[in-house]
Amino acid sequence: MATSTKTQIQGAPTAGPSDAPKAKRASMVADQIIKDVIAGGWQVGQILGSEAELLARYQVSRAVFREAVRLVEHQQVARTRRGPGGGLVVTEPTVDAVIDAVVLYLYRAEARLDEVFEARLVLEDIAAGLAPTRLEEQDLATLRAFADDAQPLAPADPRALHSLVAAMSRNPAVELFVDVLTRVAMLYSSGWHDVGPAAHAETTHAHARIAQAVMSGDASTAQHRMRRHLEAEADYLRKRRSARQLLPGSAIALSQSANGKRAETVARCITQQVVDDGLQPGQLVGTEPELIAREGVSRAVFREAVRLLEHHQIARMRRGPGGGLFVFEPSAAAVSEVAAIYLARRGMRLSDLAEVRTGVEIAIAGLAAARIDADGAVAIKDALDREANTPADERPDVVHDLHAAVAAAAGNRVLELIALVLIRLSLIYQIERLASGASEQISAEALRAHEGIAAAVEAGDRELALHRMRRHLEARSSLVDCAIDHAPAPRPAAPSGSGLGHVPAGVGGD
């Protein structure tokens, strides 16, 4: 899958040569299990098969398969049920797991409150633009409660209007991101629910005006009022003595999975230690014997916990003299995976993905043009070089890299994370139903469009970057629409027993 450029931290461990192929195969099998669950309509409680049946289906060793199962269990896609009639059972990811993963990543990445509000402006602008055009009759009664500016008993939760407008966008990604970001923003300030009568009255008035614009179907006015309200809210929080630009460690609350495995408990304890002690990338958490003794578990349980920590880019084990468990550089890969899987479960359609990705990446292109630096320019050039030098049949592996590099150059870790979630969704939703001619056309046009976007961003030409990114994403959506049967969501083909030789590498086109 495509990811943004990663910085190698001096002293941070890397996977050993013997571990890397096994980890890669396990990741591929886990990815195929996810695709098979989606193909089957994500029927919670359905048994995908026994271990023996799935080993034959995916044609891998028991060790690789069990590693893959650990990954899908932690992503809340499926879990193992022991005993007669058991096997790999489909489960359901939760929004709390997404929020916990986002908070942990933003804390470790030291994302600032200003970045959260900048991302909220982008996402809630999209929500306020879509909601008035998709308003349903039953929504009016709820909105009227907000529109009554004189109502003395306004909703106690200041996030309620924002969540409502996002839900009315009828776009699962917009709804999720707005919900997550409104919750996360409050974690930067203690006592946010006690804002005082003056601020409460201003918030009530602003919400009433937004509700009125949405009810009247006036998207541009709703967007304008939402933006002014969010700018005022951000300014208010910046001035509060209890507010801070960085998330406090107390905001971290790791949710437990339903099966409550001991290895996951150990992984959470070690994660909490990294957070509480402020350990930095490259620092030692402890040696294997020390941590096994401290946690009071077997070596097998501890090593399973380490696999989870490595998967989530929290810490990695270095073997041999001077080895141990070392903190790793924060990465958005694991959290983008969890969020993308959650949205896939929600029935995210290609049309939903296209509209939110267009809105987010156009905004990102403008920010990148304004903030591009030498490192960002190098990353963008590297992404273009990889795309240009990759054979056509392997291009799906790298075709999203330019978008990830532009997102990184925008200088906003929150928006970059959202972009990576959308990229991951594009990879989960395989465009295998594209006619071959359309797939070739997308591939041929993508590199030229990417070169134009990169040139505008590197030149600092915001308007041209916005224009080219918009044209590129709209053209891609049009090509896909022409070739895809308009089903609710593209479904990867169910496995035919032919193994990993048929695992798709990624989206056929950008």
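Our subject is the structure that appears above.
The present account deals with the structure reproduced in this document. Small disclaimer: the values here were computed from a predicted structure and weren't measured. (Residues numbered from 1 in each chain as written. Predicted model: local features only at pLDDT ≥ 70, side-chain atom pairs only at ≥ 80, totals over all residues. Heavy atoms only, no water.)

Attention shifts here to the pairing of strand S3 (residues 87-90). In the sheet, strand S1 (residues 47-49) pairs with S3 via 2 bridges, with the strands oriented antiparallel. Along S3, the bridge assignment pairs isoleucine 47 with valine 89. Of the pairings in the sheet, the one linking strand S2 (residues 78-81) to S3 comprises 4 bridges and is antiparallel in character. Looking at S3, one finds that arginine 79 is bridged to valine 89. Here S2 hands over to S3 after 5 residues, with glycine 83 in that stretch at a positive phi of 90 degrees. (Pairing = 2+ DSSP bridges. Helix = DSSP H or I, 4+ residues; strand = E, 2+ residues; numbered from the N terminus.)

Tallied over the entire structure, the rule returns 29 salt bridges. Note that arginine 227 and glutamate 231 form a salt bridge whose closest N and O atoms lie 3.7 Å from each other. Taken together, the residues arginine 227 and glutamate 231, both in helix H10 (residues 219-239) and 4 residues apart, mark about one turn of the helix. Residue class for arginine 227 comes out partly exposed when judged on its relative accessible area of 36%. Relative accessible area serves as the criterion here: at 39%, glutamate 231 is assigned to the partly exposed category. One connected set of salt bridges, linked through shared partners, spans Asp31, Lys35, Glu337 and Arg424. (Salt bridge = Lys/Arg side-chain N within 4 Å of Asp/Glu carboxyl O. Buried < 20%, exposed > 50% of the residue type's maximum accessible area, 1.4 Å probe, protein only.)

The end-to-end C-alpha distance of helix H3 (residues 62-74) is 18 Å, a good match for the 18 Å that 13 residues give at a rise of 1.5 Å each. Those residues of H3 lying buried are Val64, Phe65, Glu67, Ala68, Val69, Leu71, Val72 and Glu73. One or two positions beyond H3, positive phi appears at glutamine 76, with a value near 60 degrees. (Expected span 1.5 Å × (residues − 1).)

Here helix H5 (residues 113-130) contains 18 residues, and its C-alpha end-to-end distance of 26 Å stays within 8% of the 26 Å for a straight helix at 1.5 Å per residue. Of all 18 residues in H5, 16 are buried; the element is thus mostly enclosed.

What is shown is where atoms sit, not what they do.
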